[in-house]
Amino acid sequence: MDALALSRHPLWGWGYSDPTTLFGGVKCLETIDFFHKAVEMTDMVKKFGDFTANDKINLIVHKGEVHALLGENGAGKTTLMNVLYGLYKPTSGSVKINGNLLNIKDPNVAIKNGIGMVHQHFMLVEPFTVTQNIILGNETTKSMGIIDLKKAEKQVAELSKRYGLTVDPNALVQDLSVGSQQRVEILKALYRGAQILILDEPTAVLTPQEIQELAQIIQNLTREGKSIIIITHKLKEIKQMADFCTIIRRGKHIDTVEVAKVTEEDLASKMVGRDVIFKVAKEKQLRGDKALEIKNLVVQDARGLPVVNNLSLELHKGEILGIAGIDGNGQKELIEAVTGLRKVKSGTVSVQGKNITNLSPGKIINKHKISHIPEDRQKRGLIFEFDIAENLILETYFKPAFSKWFTLIKERIYSNAKDLIHKFDIRPEESEIPAKALSGGNQQKMIIAREVSNEPEILIAAQPTRGLDVGAIEYVHEALINQRNQGKAVLLVSFELDEVINVSDRIAVIFEGKIVGIVDAQDADEKQIGLMMAGGTE
Amino acid sequence: MMEALIKDIGFIIGTTLMYSTPLIFTSLGGVITERSGVVNIGLEGMMCFGAFAGAAGAYFSQDPWIGFACAAIAGGLLALLHAIACVSFAAEQIVSGIAINFMGTGAALFISRMLFDGATQTLTIPNKMPLPLNFLFGEGKMFASSGFMDLVFNRFATVYIAFLMVFLIWFILYKTKIGMRVRAVGENPEAANTLGISVVKIRYGAVIMSGVFAGLGGAAMSIAVVSRFSNTLISGHGFIALAAMIFGKWKPQGALVACLLFGGAKGVEIFLGAKGVPVPGDILAILPYVLTIVVLVGVVGKTTPPGAIGKIFDKGESA
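Residues numbered from 1 in each chain as written. Chains lettered and ligands numbered in written order. Predicted model: local features only at pLDDT ≥ 70, side-chain atom pairs only at ≥ 80, totals over all residues. Heavy atoms only, no water.

> Can you walk me through the overall build of chain A in this structure?
Along chain A, the regular secondary structure elements total 18 helices and 22 strands. Dimensions of chain A along its principal axes, counting C-alpha atoms only, are 70 × 55 × 55 Å. Taking all 538 residues of chain A together, 55% fall into the buried category. Looking at chain A alone, contacts between residues at least 24 apart form 68% of all its contacts between residues at least 6 apart. (Helix = DSSP H or I, 4+ residues; strand = E, 2+ residues; numbered from the N terminus. Buried < 20%, exposed > 50% of the residue type's maximum accessible area, 1.4 Å probe, protein only. Contact = heavy atoms within 4.5 Å.)

Below, the structure written as structure tokens:
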């Protein structure tokens, strides 16, 4: 492969963490105009009632610079950017854009001053076309407010060509992949003439390949003199994409560093306030007997399409089997089928030789000992209004331990909660506060406490660390490995390839509802797995 | 025989058009508000209040057009209350709608008693809505009177306005800037907000317009179909219009078709009643309502409402 072809390869740079090797060896710093401060936020304070989300934060971003905002969940990164974009009104502090003091009282002012924001949860109107989404609020019209769709489509096509943001202007947004939707969001900002682009957790939902494309897009934008602010808690991507990084912890400005001069470990400890262990410690262990066997499984989605398509898989005791794959390749339906939440069309699921296909979730949980940490902890993992103690007995409330005749035994329920809160380090240590009042990490601890205390033989964890910060992720990984070390079988589904490689013993790659390959985690090659996830062959 | 059959069909089509008109206006109102994301089950009350205001206005001014305008204003005012409750104060939209229903019917009766010597109905209006195409029909004109063409096409002005409005609202919703913004706000208000579109203004506008249309729908009943307001005049038409909007998948053209279907049930009911079919009138009168239930149960499950419908938009800490 010659150099030119290599530089165009979508996987170029994937896995490299030294920025000098990226972008064909060109350092990003070259695009920065250090005499031009595009954004200057000074002593920004934002309070929500008694809670101080931003406590005197300073931020300077130059023209042509990629600046990362690093911090744990709830550190105040997004709040700061919402202030910059005019969605929140700051309590105090000043904002200068290109040297001019501004009062950004609403997004209109931000847009007029060349600020664009791509939110973590995309702000798109799903049933609208790409063009309609892009022009919304700033419509191209003929007379009398009648929209000139032809002209608008042409403008969008030109814009997308100019920045290499490939997307069909006529497509409906609801039919687009997440990566394409993100391109629409970026185009939306560029269409409004954005010079300063805020990207909130832009890589959270992307595949490794799409992340590379995004890096390329960001590079194109800085070449045009645009400034980019990336909100993230992924260190690898900061090393890859950013020139400078401002670290925020609990609303306070901790440090601003030149990315090339620090290591990922430095960044992590500044973010968390203590040293962080990246690689989970895991002793070798022999694989036990077959625990779960899935044979020729076919599961349909709501539209009747086979999203799990003749899938076979074996899970053994004492192992963590990771399922790597891009969102929407049947992972959700696979898990739902195994846990009894969705009907199986054909094929079988068996636990230690017993057929459990299409049994009720209750039977699967309590008789066949499968526990499930669901993907959506707010919808499926918890009852938001119930308190911690009640959430902890959702699967076992009817057992003699907690009930007699038709009544629940309150004392036992709350003493059970007390034990588990202590054992699983759930905070705050109060069993009577509603689940919704807990942070994401503690909600997840609560779910893990419930599922693990039910003593499962098989634990299924779907996206168990989604949206959690470094500390909580560490905790979840340890909990999964603990189960494995006790000889239980663990099935881990995650869209984070790093996580799958790090935690699993074996990795199965899922693509379009089929397992397209199984590799040993020790010999796992990110590039190769990335390709399989995208349906490519070696 | 053949001629009589054609005449019967003409009669049914004609009455269908006449009875569909109030529903068309009102369900257009429903389309506008729900497309902006605000549920308005208060349409019934607004329709009722509009029917009264229309009849009272037409009675005192002796001009049906002034009555028509009064109905629009009355409906709009009532809708303003709904907007204040639901948009500014983030009230539960269904609860507010129920309150509006009581208020609309109650206010209509109350003011009626004040103005018409304690009667729960207005006096007969002196001039009904004109028949704009009347000059085409009769002795020596283009079409014979009481013929098929006369029965079908010689209708009140409100009928033609209703059909024009369907086109107009469709055009505004799908072809103009303002319409696109309304739909965007109804699907994803957060997205619209980040683009500098005022969700509050759009929703206020849409809710008020829904009241205006419901008021016009009421007037289309009280100053065209009949010539006075009475306390049983509207009785459920607002809800049927709401059902028509849902059946019509939140689209003006869909609502039109649904309203014609419900109007048709009424047309058949009147026709059968007039023919002296040996079925009690009460049973016949149930027809449109039965149809509503059948349609809602049978068809509505498959439709997709606007994404943000009924959800409270909280701009939060916004400046």
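> Looking at this structure, how should I read the interface of chain B and chain A?
Accessible area lost upon the coming together of the parts is a frequently used measure of interface size. Each partner contributes to the interface: chain B provides 20 residues, whereas chain A provides 30 residues. Ionic pairing is found between Arg-181 of chain B and Glu-139 of chain A, a salt bridge with its closest N-O pair at 2.8 Å. Connecting chain B to chain A are 7 residue pairs in polar contact (both at pLDDT 80 or more). Element by element, the count of residues in the side of chain B that touches chain A is highest for helix H7 (residues 177-187) of chain B, at 6 residues. Class assignment of the residues belonging to the side of chain B that touches chain A gives a composition of 7 nonpolar, 6 polar and 7 charged. (Salt bridge = Lys/Arg side-chain N within 4 Å of Asp/Glu carboxyl O. Polar contact = N/O pair within 3.5 Å; in protein donor to acceptor, adjacent residues only side chain to side chain. Nonpolar A, V, L, I, M, F, W, Y, C, P; charged D, E, K, R; others polar.)

> Even after reading the chapter, I still don't get the sheet that holds strand E13 (residues 320-324) of chain A, so can you show me in this structure?
Where strands meet in a sheet, backbone hydrogen bonds hold them as pairs that are either parallel or antiparallel. All names here are of chain A. Spatial strand order, E16-E19-E20-E13-E21-E22: 6 strands in an open sheet with mixed pairing. Both edges of this open sheet fall to strand E16 (370-373) and strand E22 (514-520), since each of them pairs with a single strand only. Taken over all neighbouring pairs, the strand axes of this sheet differ in orientation by 20° on average, direction set aside. Here E16 pairs with strand E19 (residues 458-462) via 4 bridges, running parallel. Note that in E19 the partner of His-372 across the bridge is Ile-460. Helix H15 (residues 440-453) contacts E16 and E19 of the sheet and is inclined by roughly 175° relative to E16. Relative to the sheet, helix H16 (residues 470-485) contacts E13, E19 and strand E20 (489-494), its axis offset from that of E20 by approximately 150°. (Pairing = 2+ DSSP bridges. Axes fitted to C-alpha atoms, helices over the stretch in contact; angles between N-to-C directions.)

> Help me understand the confidence of the model for chain B in this model?
A low pLDDT score tells you not to read the predicted coordinates there in detail. With 97% of its residues at a pLDDT of at least 70, chain B reaches an overall mean of 90. Of the two predicted TM-score estimates for the complex, the pTM is 0.75 and the ipTM is 0.85. (pLDDT = per-residue confidence, 0-100.)

> Help me understand the confidence of the model for chain A, please; the structure alone is not making it clear to me.
Averaged over every residue, the pLDDT of chain A is 87; the share at 70 or more is 93%. Within the model, pLDDT remains below 50 along residues 1-27 of chain A, and this stretch shows 35 contacts once partners closer than five positions in the same chain are excluded.

> How do you make sense of the pairing of E22 of chain A when you look at a structure like this?
Working note: regular strand, side chains alternate between the two faces of the sheet. Residue and element names in this part refer to chain A. With 6 bridges joining them, strand E21 (residues 506-511) and E22 adopt antiparallel strand pairing. Looking at the pairing, Phe-511 lines up with Lys-514 of E22. Hairpin remark: E21 followed by E22, antiparallel, with 2 residues in the connecting loop; positive phi at Glu-512, about 50°.

> Sorry, what's going on with the pattern of salt bridges here?
Two side chains of opposite charge can pair, provided their charged atoms sit close to one another. All names here are of chain A. In the structure shown here, the tally under the stated rule is 24 salt bridges over all chains. In this structure, Glu-314 and Lys-290 form a salt bridge, with 3.9 Å as the shortest nitrogen-oxygen distance. Of the two residues, Glu-314 is situated in strand E12 (residues 306-316) and Lys-290 in strand E11 (residues 290-300); the sequence distance between them amounts to 24 residues. Notably, a salt bridge pairs Asp-425 with Lys-445, separated by 3.6 Å at the nearest N-O pair. Of this pair, Asp-425 sits in the loop between helix H14 (410-423) and H15 while Lys-445 sits in helix H15; the two residues are 20 residues apart in sequence, bridging distant segments of the chain. Note on Asp-425: relative accessible area 28%, which makes it partly exposed. Each member of the salt-bridge network shares a partner with another, and the members are Lys-236, Asp-498 and Glu-526.

> Which parts of the structure should I look at to understand the domain arrangement of chain A?
All names here are of chain A. By the assigned domains, chain A splits into domain 1 (1-112 + 242-274), domain 2 (288-369 + 457-464 + 486-538) and domain 3 (375-455). Computed from C-alpha coordinates alone, the two centres of domain 2 and domain 3 are separated by 27 Å. Across the contact, 12 residues belong to domain 2 and 10 residues belong to domain 3. Interface area, domain 2 with domain 3, both sides summed: about 900 Å², of which 42% is carbon and sulfur. Across the domain 2-domain 3 interface, the total number found is 1 salt bridge. When the shortest N-O distance is used, the salt bridge between Glu-336 and Arg-380 registers 2.7 Å. In this assembly, domain 2 and domain 3 are joined by 5 residue pairs in polar contact (both at pLDDT 80 or more). For the side of domain 2 that touches domain 3, the per-class residue count stands at 6 nonpolar, 2 polar and 4 charged. (Domains from an automatic or database assignment. Buried area = accessible area lost by both parts, 1.4 Å probe.)

> I keep staring at helix H2 (residues 43-61) of chain B and nothing clicks. Help me out?
Given 3.6 residues per turn, any residue in an α-helix points the same way as the ones three and four places further on. Residue and element names in this part refer to chain B. For H2, with 19 residues, the first-to-last C-alpha span of 26 Å sits near the 27 Å given by 1.5 Å per residue. Summarising burial for H2: 16 of the 19 residues are buried, a large majority. Of the residues one or two after H2, Gln-62 is the one with positive phi, at around 60°. (Expected span 1.5 Å × (residues − 1).)

> Can you help me understand the environment of Ala-74 of chain B in this one?
All names here are of chain B. Tracing the backbone through its elements, the reader meets Ala-74 in helix H3 (residues 64-88). The class of Ala-74 is buried, set by a relative accessible area of 7%. C-alpha separation for the pair Ala-74 and Ala-53, spaced 21 residues apart in sequence, amounts to 6.4 Å. Ignoring any residue separated from it by four or fewer positions in sequence, one finds Ala-74 in contact with Phe-49, Gly-50 and Ala-53.

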